[in-house]
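One letter stands for each residue in the lines below.
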Amino acid sequence: MSSAQNTLSDRTMVISGASRGIGLAIAVAAGRQGANVVLLAKTAEPHPRLQGTVHTAVAEIEAAGGKAVAVVGDVRGDEDVARTAATAVERFGGIDICVNNASAIALAPTEQLSGKKYDLMQDINCKGTFLLTQACLPHLRESPNPHVLTIAPPVNMNPHWLGAHPAYTLSKYGMSLLTLGFAAEYADAGIAANCLWPQTYIATSAVANMADGENLLSSSRSPEIMADAAALILSRPARTTTGQCFIDADVLTEAGVADLSHYGGGDHPQLDLFLD
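Since this is a predicted model, take the numbers as computed values, not measurements.

Caption draft 1: Just the overall build of the protein, in detail. Across its full length, the protein carries 10 helices and 7 strands. In terms of overall size, the protein behaves like a compact globule, its C-alpha atoms giving a radius of gyration of 17 Å where 276 residues would be expected to give roughly 19 Å. Expressed along its principal axes, the backbone C-alpha trace of the protein runs to roughly 45 × 40 × 40 Å. The burial tally for the protein puts 52% of its 276 residues in the buried class. Here the analysis covers contacts within the protein between residues at least 6 apart in sequence; of these, 74% occur between residues at least 24 apart. When the accessible surface of the protein is totalled, it reaches about 12400 Å², and 51% of it is carbon and sulfur. Here the protein contributes 17 positive and 27 negative side-chain charges, whose respective centroids are spaced 5 Å apart.

Caption draft 2: Up close: the pairing of strand 4 (residues 97-100). Covered by surrounding structure in strand 4 are Ile97 and Val99 together with Cys98 and Asn100, the residues of both alternating faces. Bridge count between strand 4 and strand 5 (residues 147-151): 4 bridges; the pairing is parallel. From the neighbouring strand, Asn100 faces strand 5, where its bridge partner is Thr150. In this region the chain leaves strand 4, passes through helix 4 (residues 115-140) and returns to the parallel neighbour strand 5; the handedness of that crossover is right-handed.

Caption draft 3: Representation of the environment of Leu149 within the structure. Relative to the elements of secondary structure, Leu149 occurs in strand 5. For Leu149, a relative accessible area of 0% puts it in the buried group. The spatial distance from the C-alpha of Leu149 to the C-alpha of Asn101 is 8.3 Å, given a sequence separation of 48 residues. Beyond its immediate stretch of four places on either side in the chain, Leu149 contacts Cys98, Val99, Asn100, Asn194, Cys195, Leu196, Ala230, Ile233 and Leu234.

Caption draft 4: Region of the structure containing helix 4. The end-to-end C-alpha distance of helix 4, which contains 26 residues, comes to 35 Å, matching closely the 38 Å that a straight helix rising 1.5 Å per residue would cover. At Gly128, helix 4 is deflected by roughly 35 degrees, the largest bend along its length.

Caption draft 5: Seen up close, the sheet that holds strand 3 (residues 67-72). Taken in spatial order, the 7 strands make up an open sheet running 3-2-1-4-5-6-7, and their pairing is parallel. In this open sheet, the two edge strands, each paired with only one partner strand, are strand 3 and strand 7 (245-247). Geometrically, the sheet is characterised by an average inter-axis angle of 20 degrees between neighbouring strands, direction not taken into account. Along the sheet, helix 2 (residues 54-64) contacts strand 2 (36-41) and strand 3; its crossing angle with strand 3, the most-contacted strand, is approximately 170 degrees. Docked against the sheet, helix 6 (residues 166-185) engages strand 4, strand 5, strand 6 (192-197) and strand 7, running at close to 150 degrees with respect to strand 6.

Rules used in this analysis
- Along each chain, numbering runs from 1 in the same order as the chain's sequence is written.
- Only residues with pLDDT of at least 70 get local features here, since the model is predicted, and only at 80 or more are side-chain atom pairs given and counted; chain-wide, interface and lining totals rely on the full set of residues.
- Side-chain numbers here rest on the full set of heavy atoms in the structure, without hydrogens or water.
- Secondary structure elements follow DSSP: runs of H or I no shorter than four residues count as helices, runs of E no shorter than two count as strands, and numbering proceeds from the N terminus.
- Between the two quantities, the radius of gyration covers C-alpha atoms and the globule rule is 2.2 Å times the number of residues to the power 0.38.
- Note on classification: 1.4 Å probe, protein chains only; a residue is buried when its accessible area is under 20% of the maximum for its type, exposed when over 50%, partly exposed between these limits.
- Residue contacts are defined here by distance: any two heavy atoms, one from each residue, within 4.5 Å place the two residues in contact.
- Calculation of accessible area relied on Shrake-Rupley with a 1.4 Å probe; when residues are assessed, cover is drawn exclusively from the protein chains displayed.
- Note that His is not counted, nor are the chain ends; the positive residues are Lys and Arg, and the negative ones are Asp and Glu.
- Each charge is placed at NZ for Lys, CZ for Arg, CG for Asp and CD for Glu.
- One bridge is not enough; two strands pair if DSSP finds at least two bridges between them.
- We call a crossover right-handed when, viewed with the strands running away from us, the connection from the first strand over the helix to the second turns clockwise.
- Expected span of a helix, by definition, is 1.5 Å for each gap between consecutive residues, and there is one gap fewer than residues.
- Fitting axes to the seven residues ending at a residue and to the seven starting there, one defines the bend at that residue as the angle between these axes.
- Axis geometry follows a simple rule: fit a line to the C-alpha atoms, using only the stretch in contact for helices, then measure angles between N-to-C directions, giving values from 0 to 180 degrees.

What follows is the structure, given as structure tokens:
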């Protein structure tokens with residue numbers, strides 16, 4: 001989606017897990033509008049089954065017109081997260097946007113889920129969101145339009161979602177609750193904190209690796225729909241846009257985008273998790 005106004009121009013975004021997928025799309029969309037992007041991701045070397053590294057992501061952002069710096073590290077590590085925030089301040093003079101994108105998923109039933117995978121989801125999803133936001137907050141306070149955006153769902157207490165995969169649901173709702181908590185905690189400071197979730201499955205490696213992944217990909221929209229929705233949210237005034245769980249399609253529709261077909265997914269795209 002093109003815009004005559006580069007509303008993210010010269011703003012600095014810190015984002016986790018953006019070497020591929022939704023995170024990369026958000027980072028590239030920001031770069032296209034002239035943003036500075038600092039990426040924290042573990043993927044320094046090519047993965048045998050997954051495309052993209054933090055370094056190829058930097059190249060894509062710069063090709064789109066932005067400036068970018070890669071920080072190889074783990075969102076679960078205090079030192080790596082602190083180094084990411086420090087890099088943003090050192091290279092670009094501050095932080096305007098914090099995007100909590102890094103996430104782990106394991107949909108195994110409770111009796112089949114290992115403790116290791118349980119810990120991985122809680123640590124990356126909840127602890128990672130907490131640590132990255134915490135590191136950015138002192139600098140967000142200095143921004144004229146500070147935003148925290150977390151890729152997390154609306155908290156839906158329908159027993160279907162509570163029972164489908166309780167450990168994963170807990171970790172994603174944890175991201176949502178932290179973000180809504182930040183919105184309340186920092187309302188007086190004027191720091192916006194919102195969640196963004198896709199209406200449908202998004203064509204990423206996480207979907208491709210699911211059972212029936214090939215069919216799911218054909219009914220999934222492209223990551224660009226999330227990127228375009230994120231850019232719209234992050235361009236709004238922080239004080240009037242906080243404490244919400246946005247759905248990508250709704251954000252675009254409200255902005256006047258009537259036809260979403262160019263994002264793919266066919267006539268009946270697959271509704272995403274946590275949405276009734």
